[in-house]
Amino acid sequence: MLKTTFKYLLSGAAATAVLGASAVMAETTIRLSTYVNEIDVRYQGFQKFGELVEAKTDGRVKVQIFPSATLHGWSEGVDAVQGGVSDISWIPADKRLPCYRVTSLYPVAINLEGQIELDGEFADLIRPEAAKVSLVPIINSNYSYDQEWWFEERVEDIGKLDGKLVRSIGPLVSMMIEAWGGKPVFVAPKEVFQSAERGVVDGINMGVATYSSWKLWSVMPYMVNANLFYGNVSYMMNKSKFDSLSPEDQKAVLEAGQESEVWLKPRYESWVNERVGDAVMKGGGAAVSIPQENRMALINSVQGSWDKEVDAACGGELAGKIRDLFAKHAP
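Rules used in this analysis
Residues numbered from 1 in each chain as written. Predicted model: local features only at pLDDT ≥ 70, side-chain atom pairs only at ≥ 80, totals over all residues. Heavy atoms only, no water. Pairing = 2+ DSSP bridges. Helix = DSSP H or I, 4+ residues; strand = E, 2+ residues; numbered from the N terminus. Axes fitted to C-alpha atoms, helices over the stretch in contact; angles between N-to-C directions. Contact = heavy atoms within 4.5 Å. pLDDT = per-residue confidence, 0-100. Disulfide = S-S within 2.5 Å. Buried < 20%, exposed > 50% of the residue type's maximum accessible area, 1.4 Å probe, protein only. Expected span 1.5 Å × (residues − 1). Bend = angle between axes of the 7 residues up to and from the residue. Parallel < 35°, antiparallel > 145°, perpendicular 65-115°, else oblique. Left-handed = near helix turned anticlockwise from the far one by under 90°.

Spatially, six strands are ordered β8-β7-β9-β6-β10-β12 in an open sheet, and the strand pairing comes out mixed. In the strand order of this sheet, the two ends are held by β8 (183–186) and β12 (286–289), each with one partner. Neighbouring strand axes in the sheet, compared pairwise and without regard to direction, differ in orientation by 30° on average. Sheet topology places strand β6 (residues 147–151) next to strand β10 (residues 222–225); three bridges connect them, and they run antiparallel. Residue pairing for β10: Trp150 is matched across the bridge by Met223. The strands touched by helix α6 (residues 171–179) are β6, β7 (165–168), β8 and β9 (203–207); relative to β7, the strand with the most contacts, the crossing angle is about 165°.

Structure, rendered in structure tokens:
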């Protein structure tokens, strides 16, 4: 009887050990790559995303954050996620995502009150295209609020760049710069400070948050607040990694993405406003807003040409749905 009891005790202990090992093996780590540094308020947003994922999955899924483009360069997001260098990363204007490439930055006036809903609907529209290249949209990193222009000295009219070399982040910005008489130069975020300091560029197009985080106010202090874009850098996940999660954990990751956006929005806007205010009041910077009439003239000067690009890349039906979405969120 004693031997039988001892045998069952051993069996129970073995089963417990197996279950414990399974629990450890079941834990998944998601490697999230971002170009923002740890000073940037958006880094806190990614931390919040990680906290939410871990809480919602009871610790089965954890997020490891790699800031300052430490895993890969600006243009390598798709390759990095497809190749397993990172599991979630920002996705630049990549030709393998033709519709996302020409609509994630779009010349249009929008009302940012409904930004979270706008971003979510946009992500849903480009989700099928992302799936074709094994990607799943997870987080919308909206920079419509702060994507602006900087120069070393006052610029009277941003529509007359007179041959200036201006930093560009993608095809739309390059087209704008060329349409307004400038010359676009691609510079990755980490290299902008050196480029500006050494005179490689005469002007910069960049988000205020990124600009401030990289301490660029000291080299190009004159900001033109033009508010010309809808901008959304989507953070997407490797589809195979996403599909390997249970349906419950997939739902948790998607919910955490949206909830972290809601949590970050007011903090992001306040942080950006503080950085602009500090630069103007204490750092010798200048922030000038262009009149509404001029703003709409600049948008209209490029929107028609850009719509041809959008129709060709997205197809008429999807292009129409995206334009309808922007129209729904017009000021």
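A few words now on the confidence of the model for the protein chain. Taken residue by residue, the protein chain gives an average pLDDT of 90. The fraction at 70 or more is 92%. Across residues 1–10 the pLDDT falls below 50, and counting only partners more than four positions away or on other chains, this stretch makes zero contacts in the model. Per-residue pLDDT stays below 50 along residues 15–26; that stretch engages in one contact with residues further than four places along the chain or on separate chains.

What follows covers the state of the cysteines. A complete count under the given rule lists one disulfide for this structure. Paired by a disulfide, Cys99 and Cys314 hold their sulfur atoms 2.1 Å apart. Taking the torsion about the sulfur-sulfur bond, which here is approximately 95°, the covalent link between Cys99 and Cys314 counts as right-handed. Of the two residues, Cys99 sits in helix α4 (residues 98–103) while Cys314 sits in helix α11 (residues 292–314), which places them 215 residues apart along the sequence. With respect to class, Cys99 is no different from Cys314; both count as buried.

In this model, helix α5 (residues 115–132) (18 residues) spans 26 Å end to end at C-alpha, consistent with the 26 Å of a helix rising 1.5 Å per residue. In the structure, α5 departs most strongly from a straight axis at Ile126, where the bend amounts to approximately 45° and where the proline Pro128 lies between one and four residues downstream. Buried within α5 we find Gln115, Ile116, Leu118, Asp119, Phe122, Ala123, Ile126, Glu129 and Ala130. Lining the buried residues of α5 we find α4, β5 (135–142), β11 (229–238), α10 (247–281) and α12 (316–328). Phi for Ser134, located one or two positions after α5, is positive at around 65°.

To continue, consider the packing of α5 against α10. Interhelical geometry of α5 versus α10 gives an angle of 140° and a closest axis separation of 10 Å. Viewed along their axes, α5 and α10 adopt a mutual orientation that is oblique. For the pair α5 and α10, the sense of crossing is right-handed. Residues Gln115, Ile116 and Arg127 of α5 pack against Leu254, Gln258, Glu261, Val262, Lys265 and Glu269 of α10.

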